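# Remarks on the overall topology
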Amino acid sequence: MNWLKEIRSAYQISYSLKRCLWILVVCYSLTGCSENKKHDSPHITQSYVVAKEGAWCWFADPRAIHYENEAGTINKTFIGYIDIHGNIKATQHDFATGETQEVLIRSWFQPDDHDNPTFLVLPDERVMVFYSRHTDEPCFYYRVSNNPGDITDLGPELKIETKYNTTYPSPFILSDDPEHFYLCWRGISWHPTIAKLSIPDQEGQVELVDGPTQIVQSTASRPYAKYVSNGKDKIYMAYTTGHPDPTMPNYLYLNYIDIDKMELKDINGKVLAKIGDEMHHVAATEAYQQKYGQAVVDQTQLRDWLWQVVLDENEHPGVAMVRISEDKSSHDYYYARWTGSEWQKTFLTNAGGHFHQSPEIEKCYSGGMAIDDQNPNEIYCSVPVDGKHGEVYELIKYTIDESGAISHTDTLTKDSELNNVRPFIVSNREDSPLKLTWMNGNYYDWIVSEKRPLGFNTSIFADYNLSQDIALNNGLVSDDSLTNQTVKLPDSKEFSIFLNIKLDTANYSGALLTSNKFEYGLNTETAKPYLRYDEQVANSNNILGNSDRWQTANRSTGGVWYDPVKYTSIGLTLVFANGTLTTYINGLIDQVMELDEWSVKQLKPGKLILKTNDYKVYNRKLNYNEIKQLSEK
């Protein structure tokens, strides 16, 4: 269907030639209409809410990953995102048990969708979670799970100091170098950057072994890159000359990094530069194309941007790209595939203009694209469609045949009330039924500010139901309001306590719940919760507060940490089961403490609690959906 696209754009041809071409189009339509009608089909995907508040950018990946080990002891999917209150969060779903949990990775962070977390499964099966502020801090933050394949119990927040700005962490482990991991990001001079680091030790500590090193140098100020590895010895990098907003023409390039030799090479293996010793310079010029033609994916005179790069079974790259018009009002989706000898480009569809509700900014923000890395000929696109609620961005899947033609289209969402954007296929999903994730909702800006306090007011959706049954009357032993009374615990092997409590923000420290052996409270110096049982103490990583102060601040990535906003009330849940005490703040796992025994029979509210609005005690373990429902009342 590429030639149809060319017909639409051939505005300089003569009127007589246009008539001839139009006749050809009509003839094609008449002879092929029955076949095309058969190929276009509604294949409506069921949409399920993963998180009511969450968003991501599309340059930090993998934002969702599946891991299943050969022993069959781990079969889980992890999905990461950030909300407008500055909470970095992740959902973990265990396919073996059917259990879902949502984890508070970090509270009180810069409320910016560029800060979504990414994941790396380590050789010992622990999970490493990366995140960073948007451009204005010279470090990455990370946490490593204490147990294999389980992010509900994360180690302390640690830092990778870089000396350069950091955005979009993309981590890789390659079999040729199993003692290290490689981290790619936008760093030195706002350009693609790479570093080699040691695998985290048992305390989560890493060492910077080599780098950070800038990979290429562009004539534009900010190249945008997406990465994928072959798992062995190469990291492929597709990237643009610069940001498409100020840059035209904006070419699309593809190189790969040979990690054995630390050389940058073009698609045919020609060495472009020795990384760290020399710099490869790129430019959107005819001269560059003539000299380095095998490094160029698309030589456009317009504005290219990209959404994903994958490898097929032959290690041939495929790139989801968008070509944006000069005035930025028209975005065209393409799929570019390396055949082994050339780049085959397939026009998929026009994607309208920017998808969001703020027409004065970010006019190059398309609805989004995703490639199925296990079926690289399937591309998922967010496209504006007229429906019951007017023009709304819906998800459509395009299937490409070997010739580069569209063989099939599937409508996945239909008549949605709100936009479905920024789709992503769960990485390494194998046979997992959870395949597709995306954002749904209204979007005003990538950062929360006084100008647009609603920021990225979206939810995270998926094509698989992660919910568990809710039965809040089962096992309920106490249901009352609590005013300076005692919380009596059931005589059972497991229990759950839920409290909707009003806090004393004027004296924001001290005990929340206490007994002779146990105390749960707020540290005076850090404003972070702590757990104490006998001599055992566990301190939370997270401040008991949020980033809503940004709602009254200027729109900026200036490196400022505005004071956290104290919670006037919270939904607090404590669950004890199988020797583990877990605390939830507003439905999110905050702390986990392993205990040899639990002998406490009652708890008393501390001075930090001004009032208890709701109080429930259960003689069983509540599941995530039950805790979430109680917390949202």
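Residues numbered from 1 in each chain as written. Predicted model: local features only at pLDDT ≥ 70, side-chain atom pairs only at ≥ 80, totals over all residues. Heavy atoms only, no water.

## Concerning the overall build of the protein
The condition that has to hold: Strands here mean DSSP runs of E at least two residues long; helices mean DSSP runs of H or I at least four residues long; both are numbered from the N terminus. We take the radius of gyration over the C-alpha atoms and set the globule estimate at 2.2 Å times the residue count to the 0.38 power. Throughout this description, buried means an accessible area under 20% of the type-specific maximum (1.4 Å probe, protein chains only), exposed means over 50%, and partly exposed covers the range between. Any two residues whose heavy atoms approach within 4.5 Å at even a single point are treated as in contact. Here the accessible surface of atoms and residues is derived via Shrake-Rupley with a 1.4 Å probe, and residues count as covered only by protein chains that are part of the display. By the counting rule applied here, Lys and Arg register as positive and Asp and Glu as negative, while His and the ends of each chain are not counted. To locate a charge, take NZ of a lysine, CZ of an arginine, CG of an aspartate or CD of a glutamate.
A count of helical and extended segments in the protein gives four helices and 48 strands. The C-alpha radius of gyration computed for the protein amounts to 26 Å, which stays within 12% of the reference 26 Å derived for 633 residues, consistent with globular compactness. On the principal axes, the C-alpha backbone points of the protein span a range of 90 × 60 × 50 Å. Across the 633 residues in the protein, those meeting the buried criterion constitute 60%. Put simply, of all contacts in the protein between residues at least 6 apart along the chain, 58% involve residues at least 24 apart. Accessible surface, the protein as shown: approximately 25,700 Å² in total, 45% of it carbon and sulfur. Here the protein contributes 59 positive and 84 negative side-chain charges, whose respective centroids are spaced 5 Å apart.

## Focus: the sheet that holds strand 38 (residues 510-514)
Strand pairing in a sheet relies on backbone hydrogen bonds. The paired strands run either parallel or antiparallel. Let me state the cut-off plainly: Strands are labelled as partners when DSSP assigns at least two bridges between them.
What the six strands build is an open sheet, ordered 36-47-38-39-40-41; its pairing is antiparallel. Single-partner strands in this sheet number two, and they are strand 36 (487-488) and strand 41 (536-539). Sheet analysis places strand 40 (residues 529-533) next to strand 41, joined by four bridges and oriented antiparallel. If you follow R532 over to strand 41, its bridge partner there is V537.

## Comments concerning the pattern of salt bridges
Under the convention used in this document: Salt bridges are identified by distance alone: a Lys or Arg side-chain nitrogen within 4 Å of an Asp or Glu carboxyl oxygen.
What the rule picks out here adds up to 36 salt bridges. Residue K601 is joined to D491 by a salt bridge in which the shortest nitrogen-to-oxygen separation is 3.8 Å. Of this pair, K601 sits in the loop between strand 46 (588-594) and strand 47 (602-605) while D491 is found in the loop between strand 36 and strand 37 (495-503), placing the two residues 110 residues apart along the sequence. Take K601 and D491: they sit in the same class, and that class is exposed. Salt-bridge contacts for K616 lead to D614; the nearest nitrogen and oxygen are separated by 3.9 Å. Taking relative accessible area as the criterion, K616 reaches 10% and is therefore assigned buried.

## Observations concerning empty space enclosed by the protein
To keep it simple, the criterion reads: A pocket, in this scheme, is an open set of points on a 1 Å grid over the protein atoms alone with protein on both sides within 12 Å along at least 5 of 7 lines, while a cavity is a set where a 1.4 Å probe fits but cannot get out; residues line either one if an atom lies within 4 Å of a point. Grid points are joined across faces, edges and corners, and a volume is the space filled by probe spheres set on the points. Any residue that is not Ala, Val, Leu, Ile, Met, Phe, Trp, Tyr, Cys, Pro, Asp, Glu, Lys or Arg is counted as polar, Gly included; the first ten are nonpolar and the last four charged.
Considering all chains together, one arrives at two cavities of 30 Å³ or more under this definition. Computed from the structure, the largest cavity encloses a volume of approximately 60 Å³. Considering the residues around the largest cavity, the lining is formed by F59, Y168, W185, R186, P192, P223, Y224, A225 and Y227. Among the secondary structure elements, those contributing two or more residues to the lining of the largest cavity are strand 13 (180-186) and strand 17 (225-229). The space that makes up the second largest cavity amounts to roughly 40 Å³. For the second largest cavity, the full set of lining residues is E53, G54, D83, I84, F456, N457 and T458. Counted by class, the lining of the second largest cavity contains two nonpolar, three polar and two charged residues.

## Thoughts on the environment of K234
In plain terms, the rule: Any pair of N or O atoms that falls within 3.5 Å is considered a polar contact. Within protein, one atom must be able to donate a hydrogen and the other to accept it, and sequence-neighbouring residues count only if both atoms are side-chain atoms.
Secondary-structure assignment places K234 in strand 18 (residues 234-240). In this structure the C-alpha to C-alpha distance between K234 and F172, which are 62 residues apart in sequence, comes to 10.0 Å. Ignoring anything within four residues of it in the chain, the contact list for K234 reads L174, V228, S229, Y256, I257 and E315. There is a polar contact of 3.4 Å between the side chain of K234 and the side chain of D233.

## Description of the pairing of strand 6 (residues 100-106)
Where burial is concerned, most of strand 6 is hidden: seven out of the seven residues are buried. Relative to strand 6, strand 5 (residues 88-94) is paired through six bridges, and the arrangement is antiparallel. Paired with I88 across the two strands is R106, which belongs to strand 6. With antiparallel pairing between neighbouring strands as the criterion, strand 5 and strand 6 make up a hairpin whose turn holds five residues, including G98 at a positive phi of roughly 80°.

## Re helix 4 (residues 624-631)
Of all eight residues making up helix 4, seven are buried, and the element is well covered by its neighbours. Those residues of helix 4 that fall on the buried side of the exposure criterion are Y624, N625, E626, I627, K628, L630 and S631. Its side-chain oxygen 3.0 Å from the backbone nitrogen of N625, N623 forms the N-cap of helix 4.

## Some points on unusual backbone geometry
In this model, G211 is joined to P212 through a cis peptide bond whose omega is 0°. Within the element layout of this structure, P212 appears in strand 15 (residues 208-214). Look at the link from M248 to P249: it is a cis peptide, with omega at 0°. Relative to the helices and strands, P249 resides in the loop between strand 18 and strand 19 (252-258). Despite not being glycine, K328 has its phi angle at roughly 70°, a positive value. Tracing the sequence through the fold places K328 in the loop between strand 25 (317-324) and strand 26 (331-338). Backbone geometry places N586, a non-glycine residue, at a positive phi of 50°. A residue is classified by how much of its surface remains accessible, and N586, at 26% relative accessible area, is partly exposed.

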